[in-house]
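Examining the three-dimensional arrangement
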Amino acid sequence: MTISPEQVLAALRNVEDPDLKKDLVTLNMIKDLKIQDNLVSFTLELTTPACPMKDMLKNACTNAVKHFVHPQAEININVTSRVTRPMDTSSLKAISNIILVSSGKGGVGKSTVASNLAVSLAADGARVGLIDADIYGPSVPTMFDLVGARPGARETEDGKTLILPIEKYGIKILSLGFFADPDQPVPWRGPMASNAVKQLFNDADWGELDYLIVDLPPGTGDIHITITQSFPIAGAIVVTTPQQVALADTRKGLAMFRMPGINIPVLGVIENMAYFTPEELPGNKYYLFGKDGGKELAKTFGVPFLGEIPIVQSISSSGDNGSPIALDLQDKLSVSFSEIAGRVAQQVAINNAQTVN
């Protein structure tokens, strides 16, 4: 049996990335092709380690080589990733994608979603940072058991002082809560708050990151405008609950990202507190606050619906204990957050491909 590289590449041209709508060879996802007798080895380089279709694409590659080249071929595929980015920037060139997590109003679990998405992306092998930019109630220190923690600093060769993010659970974290007494209110004025948030981006030693998740304050205010107009944003996630009062505010928040001068891609909608399932009745769902509000909102605005998260005590208690629920890989909710994180990464890759093209 003689197998040539040309035969293998021709076969793999029949495997299309369903999101990017092109074949893997054209997308330059096939690397390090080696052939020895009937053994075909290559690397499949995906656009994110959180790709929800990695197994499907790997199987499709195997089937394509066996079908178009030789049924007795042995295929060894090494799956890696190289996270894409929307554009290069001089100030934050080591950060590939900045993802905003927003909500139209407070109390919908935005910080919980941001924290668990960061944990899930890091668990998939991505390099992740998390900025808690919620000036009104920074809760990330509580969710990561970092209340009272203070980040260090280092001086660069040119004399600039950089803040060192605190690392926990494989995530680099900075919060406005690290710089204030947790028991004292901080009466931020607009310009002062905006400058403080910009420092979390510009004056921190983030290193190389695939994703920087930003937990925004609720609503639409100075912080939102400062961040969206100062930094290249890969996209925004909108978190809501099913109630009409939450959805009304969420519509305004979602519409803000489409305003001229802001124009940030909306990666999708996540519906939190979607339903309640008692432990003793795992097959029952009780829609306490209405049903499918987030789905309908996503449909109205023509954006993806990324998933729903139920009301479960373990989510809040895990956050209160400084250990986000996504860390517990045995918990079904960890799987839910992992699936949602995969869809987020998927949308980022799709948007980045459209930007390049």
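Preceding this section is the structure that the text describes.
All figures in this text were calculated on a predicted structure; none of them were measured in a lab. (Residues numbered from 1 in each chain as written. Predicted model: local features only at pLDDT ≥ 70, side-chain atom pairs only at ≥ 80, totals over all residues. Heavy atoms only, no water.)

A closer look at the side chain of Asp 331
Put simply, the test is: Where helices and strands are cited, they refer to DSSP runs of H or I of at least four residues and of E of at least two residues respectively, numbered from the N terminus. Only protein chains enter the calculation, and the probe is 1.4 Å; a residue is then buried if its accessible area is under 20% of its type maximum, exposed if over 50%, and partly exposed in between. Lys and Arg are tallied as positive, Asp and Glu as negative. Neither His nor the chain termini are counted. We define a salt bridge as a contact between a side-chain nitrogen of Lys or Arg and a carboxyl oxygen of Asp or Glu at a distance within 4 Å. For the purposes of these results, a polar contact is taken to be a pair of N or O atoms within 3.5 Å, where, inside protein, one atom must be able to donate a hydrogen and its partner to accept one; residues adjacent in sequence count only when each atom of the pair is a side-chain atom. We call two residues contacting when some pair of their heavy atoms lies within 4.5 Å.
Within the fold, Asp 331 resides in the loop between helix H9 (313–320) and helix H10 (332–356). The side chain of Asp 331 sits in the buried core without any salt bridge; Lys 332 is the nearest counter-charge, 7.6 Å away. There is a polar contact of 2.8 Å between the side chain of Asp 331 and the backbone nitrogen of Leu 333. Beyond its immediate sequence surroundings of up to four residues, Asp 331 is in contact with Ser 314 and Ile 325.

With respect to the environment of Leu 288
Tracing the backbone shows Leu 288 in the loop between strand E14 (266–276) and helix H8 (293–301). Using a relative accessible area of 52% as the deciding quantity, one classes Leu 288 as exposed. Spatially, the C-alpha atoms of Leu 288 and Phe 276 are 7.0 Å apart, while their sequence positions differ by twelve residues. In this view, Leu 288 contacts Phe 276 and Ile 311; residues no more than four positions away in its chain are not counted.

Here's the deal with the packing of helix H1 (residues 5–12) against helix H2 (residues 54–68)
Stated formally: Whenever a helix is involved, its axis is fitted only over the stretch in contact; in every case the axis is a line through C-alpha atoms, and angles between N-to-C directions fall within 0 to 180 degrees. Comment on the angle field: the value is read as roughly parallel under 35 degrees, roughly antiparallel over 145, roughly perpendicular from 65 to 115, and oblique elsewhere. By convention the crossing between two helices is left-handed if the near helix lies anticlockwise of the far one by an angle smaller than a right angle, and right-handed if it lies clockwise. Basically, the charged four are Asp, Glu, Lys and Arg, the nonpolar ten are Ala, Val, Leu, Ile, Met, Phe, Trp, Tyr, Cys and Pro, and anything else, Gly included, counts as polar.
One can describe the packing of H1 onto H2 by two numbers: an axis separation of 8 Å at closest approach and a directional angle of 125°. On the basis of their axis angle, the class for H1 and H2 is oblique. Of the two possible hands of crossing, H1 and H2 adopt the one that is right-handed. Touching Val 8, Ala 11 and Leu 12 of H1 are Cys 61, Ala 64, Val 65 and Phe 68, all from H2. Here the contact of H1 with H2 is composed, by residue class, of seven nonpolar, no polar and no charged.

Section: the sheet that holds strand E6 (residues 95–103)
Keep this limit in mind: Think of it this way: DSSP has to see at least two bridges between two strands before they count as a pair.
Strand order in the open sheet formed by eight strands is E10-E11-E7-E12-E6-E13-E14-E15, with mixed pairing between adjacent strands. Edge strands, defined here as strands with exactly one partner in the open sheet, are strand E10 (166–168) and strand E15 (305–311). Each adjacent strand pair in this sheet contributes to an overall mean axis angle of 25°, direction not counted. Here five bridges tie strand E7 (residues 128–132) to strand E11 (residues 171–175), and the two strands are oriented parallel to one another. Residue Gly 129 lies in a different strand from E11, and its bridge partner there is Lys 172. Strand contacts of helix H3 (residues 110–123): E6, E7, E11, strand E12 (209–215), strand E13 (235–240), E14 and E15, with the helix running at about 170° to E12, the strand carrying the most contacts.

So, the pairing of E14
As a reminder, the rule being used: Here a crossover is taken to be right-handed if, once the strands point away from the viewer, the path from the first strand over the helix to the second is traced clockwise.
The buried count for E14 comes to nine of eleven residues, which makes it a mostly enclosed element. Pairing analysis gives five bridges linking E13 to E14, with the strands arranged parallel. Counted as the bridge partner of Ile 237 is Gly 268 from E14. A crossover links E13 with its parallel partner E14, the connecting element being helix H7 (residues 244–256), and its sense is right-handed. Once you follow E14 into H8 and on to E15, the crossover reads as right-handed.

So, the state of the cysteines
Applied cut-off: Count a disulfide wherever a pair of cysteine sulfur atoms falls within 2.5 Å.
On inspection of all chains with the given rule, the structure shows zero disulfides. With no disulfide of its own, Cys 51 has Cys 61 as its nearest cysteine by sulfur position, at a separation of 11 Å. Relative accessible area serves as the criterion here: at 10%, Cys 51 is assigned to the buried category. With relative accessibility at 0%, the residue Cys 61 sits in the buried group.

Structural notes on the sheet that holds strand E3 (residues 30–36)
Spatially, three strands are ordered E3-E4-E5 in an open sheet, and the strand pairing comes out mixed. Of all strands in the sheet, those bounded by a partner on one side alone are E3 and strand E5 (74–81). Taken over all neighbouring pairs, the strand axes of this sheet differ in orientation by 15° on average, direction set aside. Sheet strands touched by H1: E3 and strand E4 (39–46). Its angle to E3, the strand with the most contacts, is close to 135°. Against the sheet, H2 engages E4 and E5, with an angle of about 150° to E5.

Description of the nonpolar core
Considering soluble globular proteins, one finds that nonpolar side chains tend to be buried as a cluster. Rules: Each nonpolar core is a collection of buried residues, namely Ala, Val, Leu, Ile, Met, Phe, Trp, Tyr and Cys, held together in the definition by side-chain atoms within 4.5 Å.
The biggest cluster of nonpolar side chains holds 83 residues, and the ones touching the most others in it are Ile 98, Phe 201, Ile 213, Val 214, Ile 227 and Phe 257. In this view, Phe 201 contacts Leu 92, Ile 98, Ile 131, Trp 206, Leu 212, Val 214, Ile 227 and Phe 231; residues no more than four positions away in its chain are not counted. By size, the runner-up hydrophobic cluster in this structure holds 24 residues, among which are Leu 24, Val 25, Ala 64 and Ile 350.

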